[in-house]
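Spelled out, the chains give:
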Amino acid sequence: MARINESFYSTTPVVDEQTKRAGQKAVAPTPAVDARAALAKLTSGQTLTPAERVALGMSPAPTTATTTPTAVTPKPTTTPVPKPTVTPTPTPTPIQVGGKKVVSTYIDPETGDTYSIYDDNSRELIAKGTKALDAAAEAKRIAEEKMRQGQSAYSLLFEEFNRYGMGALVEPLKALIQDGLSPAEFTLRLRDTDAYKKRFAANAKRIASGLAAISEAEYIGLEDAYQTVMRNYGLPASYYTRGEMGRQEGFENFIANDVSAPELEDRIMNAQSRVLNANPEVLASLKQFYPDITNGDILAYTLDPQKALTDIKRKITAAEIGGAATQAGLGITGARAEELGAAGINKQQAQAGFQTVAEVAPRGGQLAAIYGESPYTQQTAEQEVFGLAGSTEAAKQRRKLVGLEKAAFSGQTGAAQGALGRERAGNL
């Protein structure tokens, strides 16, 4: 009984442990907050603690009272879809830092750096941006991609050029291709290399003679066309054998002189059909007029780009005229044959005309000697027969000789009944 009375009258309060811990928490000291760190969190959009809000001069977030939920029996109704909660961005109030007040922040659009702007218009970097690093990384990625693409482009280009034996053209520019040089710049660099100038040497000659340079594709296309023509006509492979870098030196002068493939074919046809396959007298005349020609050189005459097509035809026509004279038993020089060719005499006209000249010239020469007249030569007869310059005088001379013969023999015998009295070769 005494113990109970002591407890009843004791003045010492009884405190449980839960109440004790709550009291200790209430008096716990608040840790110091760095205003700059809090400002950095605010500008990056992070949620501030109450202490950080206080440090930045903002009111602390309201404390929601904790209540014990009361069990409520849910009603059998459809649960409505909750509306999205939009948290408004807090408007920072001016912050006092080191005696200066922060009035705003600024983000550099180029670097992404974040600055505090003070009331004295000064600013302070509070967060480093990553735009510069991102740009550098992107530039590095693009450079690496260009290098990979350049390596691929080089491999393709080298393979394509190497098919024509022109890999040496691309090799010096490997680094430029891999560095992603633009197509226009690459073309200029390529055309300035010694290898290119050697491979497409005819372009320089074209420019020097007033012609425009042709593209690489046109150049190679002409070479292929020339080669096809030569193969079709059975020319020796030595005419179109490819050398270093696929170069065909024999074609360079054709290209330089703007000779087309059809024109080349015409030259070859003239050589084969009009010379090599002609009468032996024509071939003999060609060798007589142009003694440096051998059988193996005859086609080369038609393929010499320094000679125009008309020049080649002139020589072949002269040989044909010389062959016709030889067939008629007459002699003729190369110069005279070219003169007749220049007057428009062709192979058929030469064959018919020289037969007449062969009949008229000997007798005319005899009569001129008998009657003391001016000499009547083969050239005199040619003038009248082929209608050359002096043909009128030649015709008068022939008629005079005919008249003299008629007068001497009373028109019964002699040349009046012979070749000089008959009309031959047109007007004769």
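Everything numeric in this text was worked out from a predicted model, so none of it was measured. (Residues numbered from 1 in each chain as written. Predicted model: local features only at pLDDT ≥ 70, side-chain atom pairs only at ≥ 80, totals over all residues. Heavy atoms only, no water.)

### A word on the overall build of the chain
Working step 1: Along the chain, the regular secondary structure elements total 20 helices and 4 strands.
Working step 2: Burial analysis of the chain (428 residues in total) assigns 31% to the buried set.
Working step 3: Here the contacts in the chain between residues at least 6 apart in sequence split such that 53% fall between residues at least 24 apart.
Working step 4: With the model as given, the accessible surface of the chain reaches about 26,700 Å², and the carbon-plus-sulfur share is 55%. (Helix = DSSP H or I, 4+ residues; strand = E, 2+ residues; numbered from the N terminus. Buried < 20%, exposed > 50% of the residue type's maximum accessible area, 1.4 Å probe, protein only. Contact = heavy atoms within 4.5 Å. Areas by Shrake-Rupley, 256 points an atom, 1.4 Å probe, with all protein chains shown as cover.)

### Section: the nonpolar core
Working step 1: One finds Leu-286, Ile-321, Ile-332, Leu-340, Phe-354, Val-357 and Phe-386 to be the most contacted residues of the largest nonpolar core, which totals 34 residues.
Working step 2: Every element with two or more residues in this core is listed here: α14 (280-289), α16 (309-327), α17 (334-342), α18 (347-370) and α19 (378-385).
Working step 3: Contacts of Leu-286, omitting those with residues within four sequence positions, involve Val-275, Ile-293, Ile-298, Lys-315 and Ala-319.
Working step 4: Among the nonpolar cores identified, the runner-up in size contains 29 residues, and Phe-251, Phe-254, Ile-255 and Ala-256 belong to it. (Core = buried A, V, L, I, M, F, W, Y, C linked by side-chain atoms within 4.5 Å.)

### Concerning the pairing of strand β2 (residues 100-107)
When a strand is regular, its side chains alternate between the sheet's two faces.
Working step 1: As paired strands, β2 and strand β3 (residues 114-118) are joined by 5 bridges and run antiparallel to one another. Residue pairing in the sheet places Ile-107 in a bridge with Thr-114 of β3. (Pairing = 2+ DSSP bridges.)

### Digging into the pattern of salt bridges
Working step 1: In the structure shown here, the tally under the stated rule is 16 salt bridges.
Working step 2: Measuring nitrogen to oxygen at the nearest pair gives 3.0 Å for the salt bridge that ties Glu-244 to Lys-198. Taken together, the residues span a long stretch of sequence, with Glu-244 in the loop between α11 (216-232) and α12 (249-256) and Lys-198 in helix α9 (residues 194-199) at a distance of 46 residues.
Working step 3: Close ionic contact of Arg-363 with Glu-405 constitutes a salt bridge, the shortest N to O distance being 2.8 Å. Of this pair, Arg-363 sits in helix α18 while Glu-405 sits in helix α20 (residues 391-409), and the two are 42 residues apart along the sequence.
Working step 4: Residue Arg-363 is classed as partly exposed on the basis of its relative accessible area, which comes to 30%. (Salt bridge = Lys/Arg side-chain N within 4 Å of Asp/Glu carboxyl O.)

### Digging into α14
Note on helix geometry: an α-helix contains 3.6 residues per turn, so any two residues three or four positions apart are oriented the same way.
Working step 1: Among the residues of α14, Val-282, Ser-285, Leu-286 and Phe-289 are the ones counted as buried. All buried residues of α14 project into a common sector of 100° when viewed along the axis, lining one side. Projecting away from the buried face of α14 at angles above 90 degrees are the exposed residues Pro-280 and Gln-288. (Arc of directions from axis to C-beta.)

### As for the environment of Ser-285
Working step 1: Structurally, Ser-285 can be placed in helix α14.
Working step 2: Side-chain polar atoms of Ser-285 contact the backbone nitrogen of Gly-323, separated by 3.1 Å. (Polar contact = N/O pair within 3.5 Å; in protein donor to acceptor, adjacent residues only side chain to side chain.)

### Points about α11
Working step 1: Taking 1.5 Å as the rise per residue, α11 with 17 residues should run 24 Å; its terminal C-alpha atoms sit 24 Å apart, in good agreement.
Working step 2: Gly-234 sits one or two positions beyond α11 and adopts a positive phi of about 70°. (Expected span 1.5 Å × (residues − 1).)

### Observations concerning the packing of aromatic side chains
Working step 1: Counted under the stated rule, the structure contains 8 aromatic pairs.
Working step 2: Aromatic side chains Phe-289 and Tyr-290 sit 6.4 Å apart centroid to centroid with 90° between the ring planes, which places their arrangement in the edge-to-face category. Each member of the pair Phe-289 and Tyr-290 is classed as buried.
Working step 3: When the ring centre of Tyr-115 is taken as origin, the NZ or CZ atom of Arg-123, which lies over that ring, is 4.1 Å away.
Working step 4: Across the ring face of Tyr-290, the terminal group of Lys-315 is positioned such that the distance to the ring centre comes to 5.2 Å. (Phe/Tyr/Trp six-rings, centres within 6.5 Å; stacked < 30°, edge-to-face > 60°. Lys NZ or Arg CZ within 6 Å of the ring centre and 35° of its normal.)

### As for the pairing of β3
Working step 1: With 5 of its 5 residues buried, β3 lies for the most part within the structure.
Working step 2: Because side chains alternate across β3, one face comprises the buried residues Thr-114, Ser-116 and Tyr-118, and the other comprises Tyr-115 and Ile-117, equally buried.
Working step 3: The hairpin turn running from β2 into β3, its antiparallel successor, is 6 residues long, and Gly-112 in that turn takes a positive phi close to 80°.
Working step 4: As paired strands, β3 and strand β4 (residues 123-127) are joined by 4 bridges and run antiparallel to one another. Its bridge partner being in β4, Ile-117 is matched across the sheet by Arg-123.
Working step 5: Here β3 hands over to β4 after 4 residues, with Asn-121 in that stretch at a positive phi of 70°.

### A look at unusual backbone geometry
Working step 1: Unusually for a residue other than glycine, Asn-121 sits at a positive phi of about 70°.
Working step 2: When you line up the elements, Asn-121 lands in the loop between β3 and β4.
Working step 3: Of note in this structure, Met-245 is not a glycine but carries a positive phi near 60°.

### Things to note about the packing of α11 against α12
Between two packed helices, both the angle of their axes relative to each other and the distance between the axes serve to describe the pair.
Working step 1: It is at 10 Å that the axes of α11 and α12 come closest, and there the two elements cross at 115°. Relative to α12, α11 is oriented roughly perpendicular. In this structure, α11 meets α12 at a crossing whose hand is right-handed. Mapping the contact onto sequence places Tyr-219, Leu-222, Glu-223, Tyr-226, Gln-227 and Met-230 in α11 and Phe-251, Glu-252, Phe-254 and Ile-255 in α12.
Working step 2: Its residues placed into classes, the contact of α11 with α12 shows 7 nonpolar, 1 polar and 2 charged. (Axes fitted to C-alpha atoms, helices over the stretch in contact; angles between N-to-C directions. Parallel < 35°, antiparallel > 145°, perpendicular 65-115°, else oblique. Left-handed = near helix turned anticlockwise from the far one by under 90°. Nonpolar A, V, L, I, M, F, W, Y, C, P; charged D, E, K, R; others polar.)

### Some words on the confidence of the model for the chain
Working step 1: On average, the chain scores 76 in pLDDT, and the residues at 70 or more come to 70%.
Working step 2: Below a pLDDT of 50 lies the segment residues 1-12, which in the model reaches 0 contacts outside its immediate sequence neighbourhood of four places, other chains included.
Working step 3: Contacts for the low-pLDDT stretch residues 64-70, under 50 throughout, to residues beyond four places or in other chains number 0 contacts. (pLDDT = per-residue confidence, 0-100.)

### Some words on the side chain of Arg-206
Working step 1: Here Arg-206 is to be found in helix α10 (residues 201-208).
Working step 2: Separated by 3.1 Å, the side chains of Arg-206 and Asp-258 make a polar contact.
Working step 3: Here Arg-206 is in contact with Leu-211, Ala-212, Ala-213, Ile-214, Ile-255, Ala-256 and Asp-258, once residues within four sequence places are set aside.

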